[in-house]
Amino acid sequence: MGKIKAEDIKNFKVEGKVFDEKTLFAIYKLMSRGVVKTVESTVKEGKESVVLSGKDKDDNWLALKVYRVLHCDFKTMWKYLIADPRFFRVRKSRRHIILTWAKREFKNLKIAFNAGVSCPKPIAIYENVLVMRFIGEEGIPAPRLVDVEIEIEDLEEIYSQIVEEMKKMARAKLIHGDLSPFNILLLDKPYLIDFSQGITYEHPLASQFLSSDVKNINKFFEKKGVKIDENLYEELAQLLGLKK
């Protein structure tokens, strides 16, 4: 995919069954509003979304997360949404569920970013397109934690930093819900990404989601030889105000 500008949108071909007419219009609206100047390339393709790189009017790099409308597992999404007190009234229609899912990630990112969590800065949301700061250099995304070979001394520091980010989220009453070495990027420090499954402490499965996040992180670092915090779950649960 080559660079595209607002005037090119109408002639942009559907790619990977992501860019239906409404999605193209959403990207066009973000461009016409001055949020995005250009779309540069495809960064990552997943089952539920495609991440594109772009630039704003000041040539700062952006990430555009485009949720697949036609190929998302909207039934599973709906089950997650109706259990979330913030979105329990969502209608059971494919498009409405996916648009709400995108709004959910934007809202979770705002909570995390405002709490000082190391994560992409959320910039805008329109329909199924979420715009945020790009984590990487010159359009090249930062590597995932799982893909990097790291010395044990540095791993210990990274673990400590990630634990602190988890505590920041807990103080903001937010649980990532899908935290793992696959959803952490390493640049100058660890950055937490993919907040679409994030929940608040009020969610009925908050303890289960928190436990999963802690197990994923501790298991990864323990296998690498890092001494883990055995009481991490209890510490986070206390900060969240979860009942025992």
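Reading the values: the criteria
Residues numbered from 1 in each chain as written. Predicted model: local features only at pLDDT ≥ 70, side-chain atom pairs only at ≥ 80, totals over all residues. Heavy atoms only, no water. pLDDT = per-residue confidence, 0-100. Helix = DSSP H or I, 4+ residues; strand = E, 2+ residues; numbered from the N terminus. Contact = heavy atoms within 4.5 Å. Salt bridge = Lys/Arg side-chain N within 4 Å of Asp/Glu carboxyl O. Buried < 20%, exposed > 50% of the residue type's maximum accessible area, 1.4 Å probe, protein only. 1 Å grid on protein atoms, 1.4 Å probe; cavity = no way out; pocket = protein on both sides within 12 Å on 5 of 7 lines; lining within 4 Å. Points joined across faces, edges and corners; volume = space filled by probe spheres on them. Pairing = 2+ DSSP bridges.

Participant: How would you sum up the confidence of the model for the chain? Please name residues and give values.
Facilitator: Averaged over all residues, the pLDDT of the chain equals 87, while 82% of them reach at least 70. Looking at the elements of the chain, mean pLDDT is at its lowest for helix α2 (residues 74-82), recorded as 62, and at its highest for strand β10 (residues 190-192), recorded as 98. Within the model, the stretch residues 13-17 combines pLDDT values under 50 with 6 contacts to residues more than four positions away or in other chains.

Participant: Quick rundown of the pattern of salt bridges? Include the residues and the values.
Facilitator: Using the criterion set out here, one finds 11 salt bridges in the structure. The salt bridge involving D194 is made with K65; its shortest N-O contact spans 3.2 Å. Here D194 is found in the loop between β10 and β11 (199-200), whereas its partner K65 is found in strand β3 (residues 61-67), with 129 residues between them in sequence. With a relative accessible area of 5%, K65 lands in the buried category. Between D147 and R144 there is a salt bridge, and its shortest N-O distance comes to 2.8 Å. Overall, the relative accessible area of 31% leaves R144 in the partly exposed class. If you follow the salt bridges from partner to partner, you end up with K44, K65, E105 and D194 in one network.

Participant: Please provide a residue-by-residue account of unusual backbone geometry, values included.
Facilitator: Even without being a glycine, D59 presents a positive backbone phi close to 65 degrees. Mapped onto the fold, D59 is located in the loop between β2 (49-55) and β3. A positive phi is found at E127, a non-glycine position, where the angle reads about 55 degrees. Within the fold, E127 resides in the loop between β4 (122-126) and β5 (129-133).

Participant: Can you lay out empty space enclosed by the protein for me, pointing to particular residues and giving the numbers?
Facilitator: Enumeration over the complete set of coordinates arrives at 1 cavity of 30 Å³ or more. Its boundaries defined by the atoms lining it, the largest cavity holds a volume of some 50 Å³. For the largest cavity, the full set of lining residues is M166, M169, A170, L174, I175, H176, L179, L210, D213, L236 and L240. Looking at the lining of the largest cavity, the elements that each hand over two or more residues are α4 (152-171), β8 (174-175), α5 (206-223) and α6 (232-240). Tallying contributions element by element places α4 first for the lining of the largest cavity, with 3 residues.

Participant: Help me get a handle on the pairing of β5, residues and values and all.
Facilitator: In terms of burial, β5 is a largely internal element, 4 of the 5 residues being buried. The sheet contact formed by β3 and β5 spans 5 bridges and is antiparallel. Paired with V66 across the strands is V129, a residue of β5. Here 4 bridges tie β4 to β5, and the two strands are oriented antiparallel to one another. From the neighbouring strand, P122 faces β5, where its bridge partner is M132.

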